[in-house]
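Spelled out from the first residue to the last, the chains are:
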Amino acid sequence: MAGPGAKASDRGRFITVEGSEGAGKSTHVASLVAHLKEQGIDVLSTREPGGTPLAEDIRALLLARREEPLDGLAELLLMFAGRAQHLAQVIRPALAAGRWVVCDRFTDASFAYQGAGRAMGMEKVATLAKLVHGDLAPDLTLYLDLPREVGLARARSRGELDRFEVENDLFFDRVRRGYLELAAAEPERIRTVDASGDLDEVRVGVIAVVDAFLVRTSGQGGR
Ligand code: Z5A
């Protein structure tokens, strides 16, 4: 376990995977985790919203369709409540113990969905991000990008729709624009992968980004 005097390179690496509906995040998180394990890396796979029993309860609240509309600020605060719990119970302890963490969505999703999609603005999200994890950001984020109509067709072919999946096209266009702006602002951390090809093509793109990160990381003494 890395102690209080541990160097930054002693802590595990934090990788997040982002994308809009049907981008294939869950599918590619699984192959990315398998790839890291093949390299001998001790890696924990988790997701947001969720990742602990309590945060999974919050996820259920967030995804359920109900008559009472969920206020935008309440939605944002629930996202960060779950995140605070997830960080405290799972993410921070794993990183401190030197484990790598791969998380299916994290705070970039709050910028894209609440900040841009719900048009709440980026400042509110940035304020909460600073409060909840001002000292911790992902080391690498893969953003799986694809046109809205392709992603929604994939997601909607799976059956019952959650509270986000029933949003209109304008909402998803704002989400995608939000992600593209985040990626343009932080090109070193956020690597965009074209997710419109078939599963194998996208997997090749994902693994190429991860392998380049592994090379950079080993150069910094991180493995
Ligand atoms: N949300 C938010 O608003 N704010 C936040 O801060 C956070 C989240 C953290 C739930 O997240 C919702 O929470 C989400 C944003 C919001 N909105 N919605 N909906 P989620 O990540 O759990 O839910 P999701 O985005 O809907 O994930 P998903 O449905 O599991 O999609 P995915 O992980 O990107 O895709 P997948 O499950 O791997 O694949 C979907 C289907 O497409 C499946 O049948 C695949 O076999 C197929 N697929 C995937 N890739 C391909 C390719 N390349 N070709 C053909 N078919 C493919």
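Computed from a predicted structure; not experimentally measured.

Asker: So what exactly am I meant to see when it comes to the overall build of the protein chain here?
Answerer: Tallying secondary structure elements over the protein chain gives 8 helices and 5 strands in all. The secondary structure elements of the protein chain, listed N-terminal to C-terminal, are β-α-β-α-α-β-α-α-β-α-α-β-α. For the protein chain, the C-alpha atoms occupy an extent of roughly 50 × 35 × 30 Å along the three principal directions. Across the protein chain, the fraction of contacts at a sequence separation of at least 24, relative to all contacts at a separation of at least 6, is 80%. Roughly 10700 Å² of accessible area belongs to the protein chain as shown, and the carbon and sulfur atoms make up 54% of that amount. If you average the places of the 29 positive and of the 33 negative side-chain charges in the protein chain, the two averages end up 3 Å apart.

Asker: How should I be thinking about the sheet that holds strand β1 (residues 14-19) in this particular structure?
Answerer: The strands that make up a sheet are held in pairs by hydrogen bonds between backbone atoms, and each pair lies either parallel or antiparallel. If you walk across this open sheet you meet the 5 strands as β2-β3-β1-β4-β5, and the pairing is parallel. Edge positions in the open sheet fall to β2 (43-47) and β5 (190-194), since each of these has one partner strand only. Each strand axis lies, on average, 20° off the axis of its neighbour in the sheet, ignoring direction. Lying on the sheet, helix α7 (residues 169-185) is in contact with β1, β4 (140-145) and β5; it crosses β4 at an angle near 140°.

Asker: Is there a simple way to explain the pattern of salt bridges in this structure?
Answerer: It is possible for side chains bearing opposite charge to pair when their charged atoms get close. Evaluation of the coordinates by the stated rule reveals 19 salt bridges. Where glutamate 186 meets arginine 189, a salt bridge forms, and the shortest distance between an N and an O atom there is 3.0 Å. Judged by its relative accessible area of 36%, glutamate 186 falls in the partly exposed class. Looking at arginine 189, the relative accessible area reads 11%, which means it is buried. A single network of salt bridges, built from pairs that share partners, joins Glu75, Arg118, Arg163 and Glu167.

Asker: How do you make sense of the nonpolar core when you look at a structure like this?
Answerer: Grouped together as the largest cluster of nonpolar side chains are 36 residues, with contacts concentrated most on Phe14, Phe80, Ile91, Val101, Tyr113 and Tyr179. Of all the secondary structure elements, the ones that give two or more residues to this core are α2 (53-63), α3 (72-96), β3 (100-104), α4 (107-117), α5 (122-133) and α7. In terms of residue count, α3 provides more of this core than any other element does, 8 residues in total. Not counting residues within four places of it along the chain, the set of residues in contact with isoleucine 91 comprises Phe14, Glu48, His86, Val101, Phe106 and Leu136.

Asker: I would appreciate a short explanation of the environment of valine 193 in the present structure.
Answerer: Secondary-structure assignment places valine 193 in strand β5. The exposure class of valine 193 is buried, given its relative accessible area of 5%. Separated by 21 residues in sequence, valine 193 and phenylalanine 172 have C-alpha atoms that sit 18 Å apart. Non-local contacts of valine 193, meaning those with residues more than four positions away in its chain, are made with Leu142, Tyr143, Leu144, Asp145, Val202, Gly205, Val206 and Val209.

Asker: I keep staring at the site of the ligand and nothing clicks. Help me out?
Answerer: By nearness alone, 27 residues border the ligand, and Glu21, Ser26, Thr27, Arg105 and Arg158 come closest of all. Between the ligand and the protein, one listed contact pairs a nitrogen atom with a side-chain N or O atom of glutamate 21 at 2.5 Å. In the environment of the ligand, a nitrogen atom lies 3.3 Å from a nitrogen or oxygen atom belonging to the side chain of arginine 154. Protein contact buries 85% of the 1000 Å² of open area that the ligand shows by itself. Of the pockets mapped on this structure, the ligand occupies the largest pocket. Secondary-structure elements contributing two or more residues to the shell around the ligand are α1 (25-38), α2, α3, α4 and α8 (199-219). The dominant element in the shell around the ligand, judged by the number of residues it contributes, is α4, at 4 residues. By residue class, the composition of the shell around the ligand is 9 nonpolar, 7 polar and 11 charged.

The rules behind each value
Residues numbered from 1 in each chain as written. Predicted model: local features only at pLDDT ≥ 70, side-chain atom pairs only at ≥ 80, totals over all residues. Heavy atoms only, no water. Helix = DSSP H or I, 4+ residues; strand = E, 2+ residues; numbered from the N terminus. Contact = heavy atoms within 4.5 Å. Areas by Shrake-Rupley, 256 points an atom, 1.4 Å probe, with all protein chains shown as cover. Lys, Arg positive; Asp, Glu negative; His and termini not counted. Charge placed at Lys NZ, Arg CZ, Asp CG, Glu CD. Pairing = 2+ DSSP bridges. Axes fitted to C-alpha atoms, helices over the stretch in contact; angles between N-to-C directions. Salt bridge = Lys/Arg side-chain N within 4 Å of Asp/Glu carboxyl O. Buried < 20%, exposed > 50% of the residue type's maximum accessible area, 1.4 Å probe, protein only. Core = buried A, V, L, I, M, F, W, Y, C linked by side-chain atoms within 4.5 Å. Near = heavy atom within 4 Å. Polar contact = N/O pair within 3.5 Å; in protein donor to acceptor, adjacent residues only side chain to side chain. 1 Å grid on protein atoms, 1.4 Å probe; cavity = no way out; pocket = protein on both sides within 12 Å on 5 of 7 lines; lining within 4 Å. Sits in = over half its atoms within 2 Å of the grid points. Nonpolar A, V, L, I, M, F, W, Y, C, P; charged D, E, K, R; others polar.

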